[in-house]
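What follows is the residue order along each chain.
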Amino acid sequence: MPKVIIIGGGIIGLASSYYLRKKGFEVVVIDKEEPGMGCSSGNMGWIVPSLSDPVPAPGLFKTTFQWMMKSDSPLYIKPSALPSLTRWIYHFRKYCNEADFKKGYEAGLEISRDTLSLFDELEKDENIKFEVYKKGLLFVFLNEKYIEEKYNIYCHAEKIGLSAPVPMSKKELLKMEPALSDNVAGGLYLPDERHTRPESLTKAIKDWLVKNGAEVKSHSEVKDFVIKEDEIVGVKTLDETIEGDYFLITTGVLAADMLNKIGVSFPMTAGKGYSITITSPSLQLQQPLYLGDSRVTLSPFSDSLRVGGTMELSGINTNLDQRRIKSLLVTLQDYLKTPLSGENQKNWVGMRPMTPDGLPVLGEVPELKNTYVATGHAMSGISMSLSTGKIMSDLIVNGNSDVNISPFAPDRFKRRFSQIDKDNKEPMNI
């Protein structure tokens, strides 16, 4: 029985392990912390195939750079981190155009085509129980001009069989979600989207893996690789060397540094996101909300409400900036009828793995014939987790996938950047 070593126990690693184990492969999951408790634990849990658009968008960089330098803005670049981020930002800017956005969104929709059916299948597994809701997603706007803009983007999700967004007037919006204030101007309802409590999902899959013969190694960090010719044959932790036939790296934002040790390079940075989980909240939403003007999100769970958002580029770190937490709570005042309170408040920060083009990195590592990588899902980790897991298991088991993964190739940046750098020799002016 072939043995696969999965390095990284976030939702991408766990989902890949699930499909590999179901196909009969021996599976070992290695995580330097507790599997599922990294970036997968405090996010919003959205299963939203319609929202498969990349982060770099037309005009984003050009029109909002000064806004990005404000510490309470939805997208914040920390000035002290600029020297280390300059090259990444330079290439990110190159993708902020209509053509790349369209190609990126089409690629995202393709990888998300089977998202809902895969989650349906996961729910049918009697040994996997997790908190999940099928209530759609409600976009809320204070400014009406954003309604048509977002509709024109997400209506393209019909290409993969999803319902088109439903425009909603202010009256319709307040009737659907009574917790909203009179400040709202209107919105969009996306009926097919879902959300889950991400901690419950990762725990359920991890428990299934353990019960079904997979080995899960917590608090075990991979320090080095054992390489023979063009293959990895083992990984070294502080305590042991673990041998395997195939290796899959799913360590999120840390994947780039890990692969750099074996001569593989691609651009990656952390898009830090914040969330606040309030238990026994003073209000209960009917469905998750996306506050479109400010890019703040809310997810209702069985006993709590989670508020999340912001994109902070400050390098790879988990430092929690209290100003970002405060800005999330202040934003709610414009959208909700009454102040939000509860019994307890848990603040959280996580590092989303971000590539300059906003797309995941999926596939076989070109330099090593038995090594694969799956990372870079930005805000779509939960949503794309099962489709990614299935893709990676198909690649390892069969050598191919039903999904066209060429837009996500690990070496795509090397090809494009070499041409960009050739054509643009001027330094980045910011």
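## Let's talk about the packing of aromatic side chains
Moving on, step 1. Here the structure, examined in full by the defined rule, presents eleven aromatic pairs.
Moving on, step 2. The interplanar angle of 35° and the centroid separation of 6.2 Å between the aromatic rings of F25 and Y246 together place this pair among those described as tilted. Taken together, the residues F25 in the loop between α1 (11-22) and β2 (26-30) and Y246 in strand β14 (residues 246-249) connect sequence positions 221 residues apart.
Moving on, step 3. Judged by relative accessible area, which is 9%, F25 ranks as buried.
Moving on, step 4. A relative accessible area of 23% places Y246 in the partly exposed class.
Moving on, step 5. Grouped by ring-pair contacts, the aromatic residues W46, F101, Y105, F139, F141, Y146, Y154 and Y290 constitute a single cluster.

## A closer look at the pattern of salt bridges
Moving on, step 1. Per the stated rule, a full pass over the model turns up 22 salt bridges.
Moving on, step 2. K103 is paired through a salt bridge with D100; the nearest N and O atoms lie 3.8 Å apart. Residue K103 and its partner D100 are both found in helix α4 (residues 98-111); the two are separated by three residues, about one turn of the helix.
Moving on, step 3. According to the relative accessible area criterion, D100 is buried, its value standing at 13%.
Moving on, step 4. K134 is paired through a salt bridge with E123; the nearest N and O atoms lie 3.3 Å apart. Placement of the pair is K134 in the loop between β5 (132-133) and β6 (137-141) and E123 in helix α5 (residues 115-124), with a sequence separation of eleven residues.
Moving on, step 5. One salt-bridge network, held together by shared partners, links D120, E123, K134 and R194.

## Things to note about the sheet that holds strand β9 (residues 194-196)
Moving on, step 1. Reading across the sheet, the three strands line up as β3-β9-β5 and stay open at both edges, with antiparallel pairing between neighbours. This sheet does not close on itself; its edge strands, each paired only once, are β3 (46-47) and β5.
Moving on, step 2. Two strands pair when backbone bridges link them, and β5 and β9 are joined in this way by two bridges, in the antiparallel orientation. Along β9, the bridge assignment pairs Y133 with H195.
Moving on, step 3. Running over the sheet, α5 touches β3, β5 and β9 and is turned about 45° from β9.

## Focus: helix α8 (residues 198-211)
Moving on, step 1. Look at α8: 20 Å from first C-alpha to last across 14 residues, which is about the 20 Å you get at 1.5 Å a residue.
Moving on, step 2. Listing the buried residues of α8 in full gives P198, S200, L201, T202, A204, I205, K206, W208 and L209.
Moving on, step 3. Elements in contact with the buried residues of α8: α1, β2, α5, β9, β10 (215-217) and β18 (304-313).
Moving on, step 4. Backbone geometry just after α8 places G213 at a positive phi near 90°.

## Concerning the packing of α1 against helix α11 (residues 385-398)
Moving on, step 1. Closest axis-to-axis distance for the α1/α11 pair is 8 Å, and the angle between their directions is 50°. In terms of orientation, α1 lies oblique with respect to α11. Classified by chirality, the crossing of α11 by α1 is right-handed. Residues I11, I12, A15, S16, Y19 and L20 of α1 pack against S385, L386, T388, G389, K390, M392, S393, I396 and V397 of α11.
Moving on, step 2. Along the lines of polarity and charge, the residues of the contact of α1 with α11 split into nine nonpolar, five polar and one charged.

## Let's talk about the side chain of N43
Moving on, step 1. Structurally, N43 is set in the loop between β2 and β3.
Moving on, step 2. There is a polar contact of 3.4 Å between the side chain of N43 and the backbone oxygen of S40.
Moving on, step 3. Excluding residues that lie within four positions of it along the chain, N43 makes contacts with P198, R306, W348 and I382.

## Some points on the sheet that holds strand β11 (residues 224-228)
Two pairing modes exist for strands in a sheet, parallel and antiparallel, and in both the strands are linked by backbone hydrogen bonds.
Moving on, step 1. The strand order across the open sheet built from three strands is β11-β12-β13, with neighbouring strands paired in antiparallel fashion. Strand pairing shows two members of the sheet lacking a second neighbour, β11 and β13 (241-243), which therefore form its edges. Pairs of neighbouring strands in the sheet enclose a mean axial angle of 30°, with direction left out of account.
Moving on, step 2. Pairing of strand β12 (residues 231-236) with β13, which is carried by three bridges, proceeds in the antiparallel orientation. Residue pairing for β13: K236 is matched across the bridge by T241.

What counts as what
- Residues numbered from 1 in each chain as written.
- Predicted model: local features only at pLDDT ≥ 70, side-chain atom pairs only at ≥ 80, totals over all residues.
- Heavy atoms only, no water.
- Phe/Tyr/Trp six-rings, centres within 6.5 Å; stacked < 30°, edge-to-face > 60°.
- Helix = DSSP H or I, 4+ residues; strand = E, 2+ residues; numbered from the N terminus.
- Buried < 20%, exposed > 50% of the residue type's maximum accessible area, 1.4 Å probe, protein only.
- Salt bridge = Lys/Arg side-chain N within 4 Å of Asp/Glu carboxyl O.
- Pairing = 2+ DSSP bridges.
- Contact = heavy atoms within 4.5 Å.
- Axes fitted to C-alpha atoms, helices over the stretch in contact; angles between N-to-C directions.
- Expected span 1.5 Å × (residues − 1).
- Parallel < 35°, antiparallel > 145°, perpendicular 65-115°, else oblique.
- Left-handed = near helix turned anticlockwise from the far one by under 90°.
- Nonpolar A, V, L, I, M, F, W, Y, C, P; charged D, E, K, R; others polar.
- Polar contact = N/O pair within 3.5 Å; in protein donor to acceptor, adjacent residues only side chain to side chain.

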